Amino acid sequence: MKKWLLIFISLISAKTAIAFVLFKNEDGEPLRWHLDDLNPLVHTDVVNRKTKAIKFHLSRDGWSEKNFENELNSIRSAAAQWEAVPETVLKFEEGNLLEPGVDINGNDNQNVIYWVKEATPNGAVLVNNERTDISGALAVTFPTYFDDHTIVEADMVFNGVTQRWFTDYTNTFSNDNLVEAIALHEFGHFIGLQHSPLGAASMFSRTVSGVSVSAGLTLDEVAAVQSVYGIKNAEEQFGGIVGSVTLDGVKVFGAVVIAENKHGNIVQSTVTDKNGNYELLSLPLNQYHLRVSPLHSPQAIQPLVRDIDISMEYKGANINFQPTKYKSTTVASQKNTETNFTIRRGSPSFYINAIRPATKKNNLYELSFGPFGIKRKNEKQLIGVYSPNLPSNSATLRITGDGIVYGITTFEANVFEGFNLITVEITLEKNIVPGVRSLYVEKGNERSYVNGFIEILPNTEDFDFDGLNDSWQRKNFPVFASKLSRASADPDADGYSNQDEYLTEKDPNDIDSYPTLQIKSITVDSSGTTIQWNSIPGKNYQVWRKKNVGLSEWIKIKEPHTAQRSFMFFVDTSERKELQFYRVQALP
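A short note on the overall build of the protein
Now for step 1: Within the protein, the regular secondary structure consists of 6 helices and 36 strands.
Now for step 2: In terms of overall dimensions, the protein is globule-like: its C-alpha atoms have a radius of gyration of 27 Å, near the 25 Å expected for 588 residues.
Now for step 3: Residues counted as buried form 54% of the 588 residues belonging to the protein.
Now for step 4: Counting every atom, the protein has about 26400 Å² of accessible surface; 48% of that belongs to carbon and sulfur.
Now for step 5: For the protein, the distance from the average position of its 57 positive side-chain charges to the average position of its 70 negative side-chain charges is 6 Å.

So, the side chain of asparagine 353
Now for step 1: Residue placement: asparagine 353 occurs in the loop between β22 (341–342) and β23 (354–359).
Now for step 2: Relative accessible area serves as the criterion here: at 3%, asparagine 353 is assigned to the buried category.
Now for step 3: Non-local contacts of asparagine 353, meaning those with residues more than four positions away in its chain, are made with Gln302, Leu304, Phe369, Tyr386, Ser387, Pro388 and Phe419.

Describing the nonpolar core
Among soluble globular proteins, nonpolar side chains are generally buried collectively.
Now for step 1: Ranked by internal contacts, the top residues of the largest apolar core, which has 47 residues, are Ile355, Ile383, Val385, Ile426, Leu439 and Val441.
Now for step 2: Element by element, the count of residues in this core is highest for strand β28 (residues 419–428), at 6 residues.
Now for step 3: Residues Val47, Ile151, Leu193 and Val222 belong to the second largest nonpolar core, which totals 45 residues.

Brief notes about the side chain of aspartate 470
Now for step 1: Tracing the chain through its elements places aspartate 470 in helix α5 (residues 470–476).
Now for step 2: If sequence neighbours within four positions are ignored, aspartate 470 has contacts with Glu461, Asp462, Phe463, Asp464 and Phe480.

Brief notes about the sheet that holds strand β36 (residues 581–586)
Now for step 1: One open sheet accounts for 3 strands, arranged β34-β33-β36; its pairing is antiparallel. Whereas interior strands pair on both sides, the edge strands pair on one side only; in this sheet they are β34 (555–562) and β36. Averaged over all neighbouring strand pairs, the angle between strand axes comes to 20°, with direction disregarded.

Some details on the pattern of salt bridges
Now for step 1: Inspection of every chain in the model, using the stated rule, returns 18 salt bridges.
Now for step 2: With its nearest N and O atoms 2.6 Å apart, the salt bridge here joins arginine 76 to glutamate 94. With arginine 76 in helix α1 (residues 68–83) and glutamate 94 in strand β5 (residues 92–94), this residue pair connects regions lying 18 residues apart in the sequence.
Now for step 3: For aspartate 176, the salt bridge identified is with arginine 164, shortest N-O distance 3.7 Å. In this pair, aspartate 176 sits in the loop between β11 (165–166) and β12 (177–178) while arginine 164 sits in the loop between β10 (151–159) and β11, placing the two residues 12 residues apart along the sequence.

What to know about the sheet that holds strand β30 (residues 446–456)
Now for step 1: Judged by pairing direction, the sheet is mixed, and its 4 strands sit side by side in the order β24-β30-β29-β26 without closing on themselves. One side of each edge strand has no neighbouring strand; the edge strands of this open sheet are β24 (372–374) and β26 (396–399). Put simply, the sheet's adjacent strands are angled 35° from each other on average, direction ignored.
Now for step 2: Note: β24 against β30, 3 bridges, orientation parallel. Opposite phenylalanine 372, over in β30, you have isoleucine 454 as the bridge partner.

Observations regarding the packing of α1 against helix α2 (residues 179–190)
Now for step 1: Where α1 meets α2, the closest approach of the two axes is 8 Å, and the angle between their N-to-C directions is 45°. For the element pair α1 / α2, the angle class is oblique. Two packed elements cross with a definite hand, and for α1 against α2 that hand is right-handed. Between α1 and α2, the contacting residues are Glu71, Ser74, Ile75, Ala78, Ala79, Gln81 and Trp82 on the first element and Val179, Glu180, Ala183, Leu184, Phe187 and Gly188 on the second.

Some remarks on the packing of aromatic side chains
Now for step 1: Here the structure, examined in full by the defined rule, presents 20 aromatic pairs.
Now for step 2: Considering the side-chain rings of phenylalanine 204 and phenylalanine 453, the 5.5 Å spacing of their centres and the 80° angle between planes classify their relative orientation as edge-to-face. Taken together, the residues span a long stretch of sequence, with phenylalanine 204 in the loop between α2 and β13 (206–207) and phenylalanine 453 in strand β30 at a distance of 249 residues.
Now for step 3: By relative accessible area, phenylalanine 204 is classed as buried at 1%.
Now for step 4: Look at phenylalanine 567 and phenylalanine 569: their rings are 5.8 Å apart centre to centre, the planes differ by 80°, and that puts the pair in the edge-to-face class.
Now for step 5: Here the aromatic cluster, defined as three or more aromatic residues joined through ring pairs, consists of Trp33, Phe56, Phe92, Phe187 and Phe190.
Now for step 6: Arginine 474 extends its terminal NZ or CZ atom over the ring of tyrosine 169, reaching a point 3.9 Å from the ring centre.

Thoughts on the confidence of the model for the protein
Now for step 1: Model confidence for the protein is summarised by a mean pLDDT of 90, while 95% of its residues fall at 70 or above.
Now for step 2: Note on residues 11–19: pLDDT under 50 across the span, and 33 contacts to partners over four residues away in sequence or across chains.

A look at unusual backbone geometry
Of all residues except glycine, most have a negative phi; of all peptide bonds, most are trans.
Now for step 1: Although it is not a glycine, asparagine 128 sits at a positive phi angle of roughly 60°.
Now for step 2: Its place among the elements puts asparagine 128 in the loop between β7 (126–127) and β8 (132–133).
Now for step 3: Not every positive phi belongs to a glycine, and glutamate 505 is a case in point at roughly 60°.
Now for step 4: Positionally, glutamate 505 belongs in the loop between α6 (498–503) and β31 (519–525).

Let's talk about a nonpolar patch on the surface
Now for step 1: Together, Val549, Leu579 and Phe581 line one region of the surface with nonpolar side chains, adding up to about 290 Å² of accessible area.
Now for step 2: Structurally, leucine 579 can be placed in the loop between β35 (567–572) and β36.
Now for step 3: Since its relative accessible area comes to 65%, leucine 579 is described here as exposed.

Conventions and cut-offs
- Residues numbered from 1 in each chain as written.
- Predicted model: local features only at pLDDT ≥ 70, side-chain atom pairs only at ≥ 80, totals over all residues.
- Heavy atoms only, no water.
- Helix = DSSP H or I, 4+ residues; strand = E, 2+ residues; numbered from the N terminus.
- Rg over C-alpha atoms; globule rule 2.2 N^0.38 Å.
- Buried < 20%, exposed > 50% of the residue type's maximum accessible area, 1.4 Å probe, protein only.
- Areas by Shrake-Rupley, 256 points an atom, 1.4 Å probe, with all protein chains shown as cover.
- Lys, Arg positive; Asp, Glu negative; His and termini not counted.
- Charge placed at Lys NZ, Arg CZ, Asp CG, Glu CD.
- Contact = heavy atoms within 4.5 Å.
- Core = buried A, V, L, I, M, F, W, Y, C linked by side-chain atoms within 4.5 Å.
- Pairing = 2+ DSSP bridges.
- Axes fitted to C-alpha atoms, helices over the stretch in contact; angles between N-to-C directions.
- Salt bridge = Lys/Arg side-chain N within 4 Å of Asp/Glu carboxyl O.
- Parallel < 35°, antiparallel > 145°, perpendicular 65-115°, else oblique.
- Left-handed = near helix turned anticlockwise from the far one by under 90°.
- Phe/Tyr/Trp six-rings, centres within 6.5 Å; stacked < 30°, edge-to-face > 60°.
- Lys NZ or Arg CZ within 6 Å of the ring centre and 35° of its normal.
- pLDDT = per-residue confidence, 0-100.
- Patch = residues over 30% accessible without salt bridge, like charges linked within 9 Å, V, L, I, M, F, W, Y side chains within 5 Å.

Right under this line is the structure:
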C-alpha cells in the first residue's frame, strides 16, 4: 500500500504588537487514525496495540534550557485536551524521551515532536531532511498516510529559530507564542483535521500571540473528534445535517455553512466541497439555525479568512454571493436531516477585514486581525470593526444571538490609514450563554459577516470537560488536563477525589490534606433530632444511631442523602426523648 506525506502548516498571525473541515479521499474517507480497527502495518511504537493509544515521543530538550520541562508539559496538556473530549476512542500515551537532534521522518516508525533550533547560513529553517523550509511558520505537522487515508505515522516540529515561546497561561502580557495553544492546533492536524473557518477556533489557520481564545477547544472541534473517533454506543445521542449549496443551478464550492443554537452560539461550521455538498455530523439532538456565507468578500484585498486558509485544496472557492437568511432544522437520533440552500449572486457593498476588540476606553483604538474574548461583566463596553468601505451612516454592528443590550453606534473615517471604523456600545446580560459567535454589519438588505471571531467567555474555564476549574488544576498539576488531574482521580490515594479536594480547598497531592467530616451540632425539639455536619456537594452520606455506644449495634436511619451544599441537616423524626449516639458516614 502506497504511503503519502501531508504537510500542515500553522501560520503566524499579523500582529499589532469545519464545524470542522476534514481531508477526505475520493471514496469520502477522512484522514484519521483507525484506533478501533488497527491496521497491521501500523508499527507498535506508533500505536500501542494493547491500549489502542497513539504514542508520541518528545525531544527532551524542548525549546529553552531553563523552561524545557514546562514546554514539554504544555505539549502533554494539549494532547490531553483532545483525549478528554467525551464519547471518543481517541487516546494518547507518551513514549521514551528522545535525545536532541531528531528530524521529520515518515518512515522511522515513531511519532516525533521537537523544536528545530538552528538555521542555515542563509537563514532558512529546514526540516524533513532539509526538504522543507518552515521559516514563516510557527509549527508544522507531517502526517504519513495510506491511500485509504489511514494515518500510519505523524511528526510535529515547532519553529524555535524565528519564533519565541512561553508557557505561563496566567501571563496575559507576553507577546510570545503560547506553547499549549500552538500544540493544541497541531494535535488537531496530528489526528487529521484541516483548518476551521472560525476565527476563535483552535484550528483557525492563524494564531494570535500571547494568551488568547485559541486556547481550548470549541464545540466545533469537539464535534470533529466525536464524528471521526466517536464510540459506537454513543451514536444514539447524535444526529447530523447534510445538504448542498447551489447558485443558478450550479453547486457552490467553498461556501461556509454555520449551525447556531438558539442563543446564537456556533455549534458547528464547515465548508462545502467541490461538489457543493456539506456535512454537519455528531450534532446533539436539538434544533439548529443554519446560514451560509462566503469565506470573504471578493472586494477584500487582505481578508480575515482566505480560501487557502482552510487548505490549498480550497483555492478558488466561490466567494461572489450574498449571505443567506437562517433556516431552522431539527436533528434526530442517528439520522442525517437534509437542508439545502440556494444563494444569490453578488456580494454586499461593504465587508469587514479587521476588528476592534472589546474595550471600555473611548480613545483606545486597536486594529486586530484575530479573534477576541469578552467577559460577562454586565458593564458597558465598546467593540468595533474596520474596513476601507464600511458604511458611514445608517448601519448597525451586531453580535449573533441573544443576551446583549446595544447602545450608541458611531462611525469614524480613516481611523487607521485606509480603515474606516464602526463602533457600538454593548452590555452583556448576566445570564448570557457563553460560546463562540459572529459579528456582522447590516445596512438595508445587505449584511456582511465575520464568522466566529468573538467568544463570550465563561466565568471559569474547563478545557478538559471534567467540571473542575482549570485554574485549580493548573495550580496543582504540571499537566493540568492529565488523567491524574481529572475530577474523579485520587492522585494522593487518600480516599477523596480531586473534585472532593477542590470543593473543600485541600491539596490533591498530599495524603494528609483531605476533607474532614465533623458533626457540628445536634439539637432536639418537637420535630425530632436534627444533626448538622460539613459536607461536599454531590457526595452521599448515611446517618446511623444507637442507644449504647459500647454494646448495641449501629442502626441505619433512612437511605443515603446527597449533599447540595457545603453543610447538611438531617432530622431523625423517630427520636425526640431518649439518649442516642449518632454517626455520619461519607459514602464512596
